[in-house]
Amino acid sequence: MNARLVTLEVRNLCIAAQEGERAGRLIEDLGFSIASGEVLGIVGESGSGKSVTAAAIAGLLPPGLAVTGGSVSLEGRALLSMSAGERRALAGSRIGMVFQDPLSSFNPVRTVGSILAESVMRHRGLAAGAARDTVVAAFADVRLAQPERIFSAYPHQLSGGQRQRAMIALALINGPALLIADEPTTALDATVQLQILTLLKRGAGSRALLLITHDLAVAAAVCDRILVMHRGGVAEEGTTAQILDTPTHPVTRQLLAAAQALPGVAA
Amino acid sequence: MTSSGLLQIRDLSVTFDMDARPVHAVRHCSLRLDARETLALVGESGSGKSTLARAVAGIVTPTSGSVLLHGHDLQRSSSRREQRRRIQMVFQDPDASLNPFHRVREIVAEPLIVRRFGNRWEIGRKVGELLALVQLDPGLGGERPRNLSGGQKQRVAIARALAMDPELLIADEALASLDASTAAAIAQLFLDLGRRLGIALLFISHDLAAVRCLANRIAVMFAGEIVEQGDARAVLDRPAHPYTRLLVASMPDPARRSLDFELVDAIDRLPAWPDTPGACHYRSRCIGRADVCAAGPSLAPLAASANHLARCHFRDSGTSP
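Quick summary incoming for the structure in this document. (Residues numbered from 1 in each chain as written. Chains lettered and ligands numbered in written order. Predicted model: local features only at pLDDT ≥ 70, side-chain atom pairs only at ≥ 80, totals over all residues.)

When helices and strands are tallied, chain B shows eleven helices and twelve strands. The C-alpha atoms of chain B give a radius of gyration of 21 Å, which matches the 20 Å a tight globule of 321 residues would have. Summarising its shape, the C-alpha atoms of chain B cover approximately 70 × 50 × 45 Å along the three principal directions. Counting over 321 residues, chain B shows a buried share of 43%. Long-range contacts, defined here as pairs at least 24 residues apart, represent 62% of the contacts in chain B between residues at least 6 apart. (Helix = DSSP H or I, 4+ residues; strand = E, 2+ residues; numbered from the N terminus. Rg over C-alpha atoms; globule rule 2.2 N^0.38 Å. Buried ≥ 20, exposed ≤ 12 C-beta atoms within 10 Å, placed from the backbone. Contact = placed C-beta atoms within 7 Å.)

Set out below in C-alpha cells:
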C-alpha cells in the first residue's frame, strides 16, 4: 500500500450549516486518504455526514453549507483554495460521481448519449462525431446492450439498472483519478446491485474509489478499508476485516446488526 | 394436493393491455397456502409478484385461472364478499394507503362500520383492542397519519387489515421503506400476529435475505412465472433454478467479502437470444442454457425432494449455474 500514490487526502475537514434551524457544525475534524487502486468505504447511518463529505470533495455542497476548515487535496492539488471555475474543470475531468438515483441526476429532456457527449466535448475537446463514438464505446464498456440505442434514449426510457450503468459510464468517461459513488445501489434489485457493484469495482481499477453506503454488507463486498462515521466525525477506521471482525465502536456494531436482514427476527 | 388447504391459486394468469400490446404480468401460476402457514413470494421488480398478490386479494381480475379460499372460487362463489374479507393486504407505502385527513381511530374503525360490526360503543372498544394488538399507543388514536413515524403508520395499516378478521394477510413489500430496526419490529409483529391469531401470511418481497427470517416456504417468480418453490431452507441452501442461484449469490451478507465477478461477467457477456414463443423465459440471462431450453420446462419436483419444485430442465444437475 505504501508504494501507491495517495490520490485523495482529506485533513481536518469541517463543514457547517450557515443558516436556519440546521445552523451548526455538521462535520468536525474529519481526515482520511485514499491511494490509487484502493477502495475506501464511508459507512454510517443517515445523518452521520457521509454524503455531505462526498459533496464537499466534489464541490457540490448544497446552498447553506460551507467548508469552514481543513483541506482536501486531489493528486497533490489543494481543491478548496481553487477558484470555482478551476475547480469545476478539475472535477469534471479528474473526479467521477455516481449518485443513488440517476433519474434525478440526468436531465430528463436530454438523451442520455448527449449528456455524456457534452462532458467529453467540454473536458477533452473532442468534436461531435468523435464524442459520439467515445460515448457508444463507453456504454459498451459498462456492458449496456445495444449502446447505439441507449445513446438516443431519454433517461426515463431506461431501467434503473441501465440508468446506473449509464451513470457509471459518465463518471468514468474522462478517465478520472477519483471515483465517488454515493449509495449507488440503494434503489436497485439485489441481482442488479451485484452487477453494479461489480462494474464499479472493475471500473475503478487503478483509480481511487470512495464508496458511500449505509450498508456494511455492501461495503464488505467491495472495500479494502472502511471508515465508520458518526455525528460528523470518525467513529472508527480500519481494514474491512478489522471493522467486520473486531468492531470497537457501538455504532459499528449497530450497523453490523442492521446489515443482517431483519436482526433478531425468527420465523 | 390431498387437502384443499386455506388458499389455492390455480393456473392463474393476468394480462394487461399496454398500448394495445398484451403484457403477461402473471402466467399460469399455481400455489397453495395452508392455514397458519407463512409463504414468501420473491422476485425482482416487474416479475409479477405484486400482480399475483393483488389478484389473490381481488384488487386485480385474473384473465384466466382461479383463486379458491377454503375450496370456494372467489370469482364465482355466492358468498364472495364474505370470502374476500378474509384476505387483507398491507402495502409498502402507508402514506398512499392511509387517508391523510382521517384520524387513526377513524381509519381503523372504517372497515368495522362497513362490515356492520356493531354499535358505536362496540366499534370503539374493538378499535382499542386492535391498536393494542399492533402495540400502538392508544393515545395516538386521535392523531392523523402525518404525525406518525413510518413504523407507526404501518402498524395502523395492519390494525385496519385485522379489523376485517382475516385468515390471510398479504404484506406487499410492507417492510421495504422502513429502516432496519423498524423493519425488524414490524416483521416480528406480523409473525406474532400470525401465530397468535392463526392467520396465514403471504410476504411479497424483493429481498431474499429478509425472507429467510420470515417464511416457512418460498416461491420465486421470474417474468410472471413461478420458477422455483419449496421449503425456505431448501430453496435458499440448495437453489435449483439458475435465477434463484443468482438471487442467493446477490444476497447482501457482511460475511462474504468479495463479489462473484465471474458469475456477473458470465451473465453480462451472454449474447442476445431471440425471444421465441414457448422457450424458457430465463434463457436470455442463463449461463447454463442449452438447445433443450427452446422448449420451456414446466415447474416440476426435484428428484431428491417432491416438495421442492423448479422450472428448469437442469433442476437436478446441481452444477448448472
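What follows concerns unusual backbone geometry. Despite not being glycine, Gln-146 of chain A shows a phi value in the positive range, around 50°. With respect to the helices and strands, Gln-146 of chain A occurs in the loop between α5 (128-141) and α6 (147-151). The exposure class of Gln-146 of chain A is exposed, given the 11 C-beta atoms found within 10 Å. Phi at Asp-165 of chain B takes a positive value of approximately 55°, unusual for a residue other than glycine. When you line up the elements, Asp-165 of chain B lands in the loop between α6 (150-162) and β7 (168-172).

Once that is clear, we can look at helix α1 (residues 49-57) of chain B. Residue and element names in this part refer to chain B. For α1, the buried fraction is high: eight of the nine residues fall into the buried class. Considered for burial, the residues of α1 that qualify are Lys-49, Ser-50, Thr-51, Leu-52, Ala-53, Arg-54, Ala-55 and Val-56. Just downstream of α1, Gly-58 is the residue with a positive phi angle, here 85°.

A separate point is the pairing of strand β7 (residues 178-182) of chain A. All names here are of chain A. For β7, the buried fraction is high: five of the five residues fall into the buried class. Across the two faces of β7 the burial is the same, with Leu-178, Ile-180 and Asp-182 and Leu-179 and Ala-181 all buried. One ladder, built from four bridges, connects strand β6 (residues 95-98) with β7; its direction is parallel. Paired with Val-98 across the bridge in β7 is Ala-181. Crossover connection from β7 via helix α8 (residues 190-204) to parallel strand β8 (residues 208-213): handedness right-handed. (Pairing = 2+ DSSP bridges. Right-handed = clockwise from strand over helix to strand, strands pointing away.)

Next up on the list: the interface of chain B and chain A. One frequently used descriptor of interface size is the decrease in accessible area upon assembly of the parts. Listed by partner, the interface residues are 36 residues for chain B and 30 residues for chain A. Take the side of chain B that touches chain A: its biggest share by element is seven residues, from helix α7 (residues 180-197) of chain B. Its residues placed into classes, the side of chain B that touches chain A shows 21 nonpolar, eight polar and seven charged. (Nonpolar A, V, L, I, M, F, W, Y, C, P; charged D, E, K, R; others polar.)

For Ala-257 of chain A, the position within the fold is in helix α11 (residues 250-259). For Ala-257 of chain A and Val-6 of chain A, which are 251 residues apart along the polypeptide, the C-alpha to C-alpha distance reads 33 Å.

Residue and element names in this part refer to chain A. The antiparallel open sheet is built from four strands, whose spatial order is β2-β1-β4-β5. The sheet is open, and its two borders are formed by β2 (24-35) and β5 (77-78), each paired with just one other strand. Pairing analysis gives two bridges linking strand β4 (residues 65-74) to β5, with the strands arranged antiparallel. Paired with Leu-74 across the strands is Arg-77, a residue of β5. Contacting β1 (6-17), β2 and β4, helix α1 (residues 50-58) crosses the sheet at an angle of about 115° to β1. (Axes fitted to C-alpha atoms, helices over the stretch in contact; angles between N-to-C directions.)

Residue and element names in this part refer to chain B. Strand order in the open sheet formed by eight strands is β6-β7-β8-β3-β9-β10-β12-β11, and the pairing between neighbours is mixed. The open sheet has two edge strands, β6 (87-90) and β11 (300-301), and neither has a second partner. As judged from the two bridges shared by β11 and strand β12 (residues 309-310), these two strands associate in the antiparallel manner. Considered in β12, the bridge of Pro-301 is made with Leu-309.

Moving on to the nonpolar core. Leu-210 of chain A together with Ala-187 and Val-220 of chain B are the most contacted members of the largest nonpolar core, which has 179 residues in total. When residues of this core are assigned to their parent elements, the largest contribution, eight residues, is made by α8 of chain A. The residues contacting Ala-187 of chain B, other than those within four sequence positions of it, are Leu-262 and Val-265 of chain A together with Leu-175, Cys-213 and Leu-214 of chain B. (Core = buried A, V, L, I, M, F, W, Y, C linked by C-beta atoms within 7 Å.)

What follows covers the pairing of strand β4 (residues 64-69) of chain B. Residues and elements named next belong to chain B. Pairing analysis gives five bridges linking strand β1 (residues 7-18) to β4, with the strands arranged antiparallel. Looking at β4, one finds that Ser-13 is bridged to Ser-64. Looking at chain direction, β4 and strand β5 (residues 72-73) are connected through two bridges and run antiparallel. In the strand pairing of β5, Leu-69 is matched with His-72. The hairpin turn running from β4 into β5, its antiparallel successor, is two residues long, and His-70 in that turn takes a positive phi close to 50°.

Residues and elements named next belong to chain A. At a closest axis distance of 10 Å, the pairing of helix α7 (residues 160-172) and α8 adopts a crossing angle of 10°. Relative to α8, α7 is oriented roughly parallel. Contacts between α7 and α8 involve Gly-160, Gly-161, Gln-164, Arg-165, Ile-168 and Leu-172 on the former and, on the latter, Val-192, Gln-195, Ile-196, Leu-199, Leu-200 and Gly-203. Grouping the constituent residues of the contact of α7 with α8 by class yields six nonpolar, five polar and one charged. (Parallel < 35°, antiparallel > 145°, perpendicular 65-115°, else oblique.)

Our next topic: the packing of helix α4 (residues 112-124) of chain A against α7 of chain A. All names here are of chain A. Viewed as axis vectors pointing N to C, α4 and α7 meet at an angle of 10°, and their least axial separation amounts to 10 Å. The orientation of α4 with respect to α7, classified from their angle, is roughly parallel. On α7, the residues that touch Val-112, Ile-115, Leu-116 and Ser-119 of α4 are Ala-166, Ala-169 and Leu-170.

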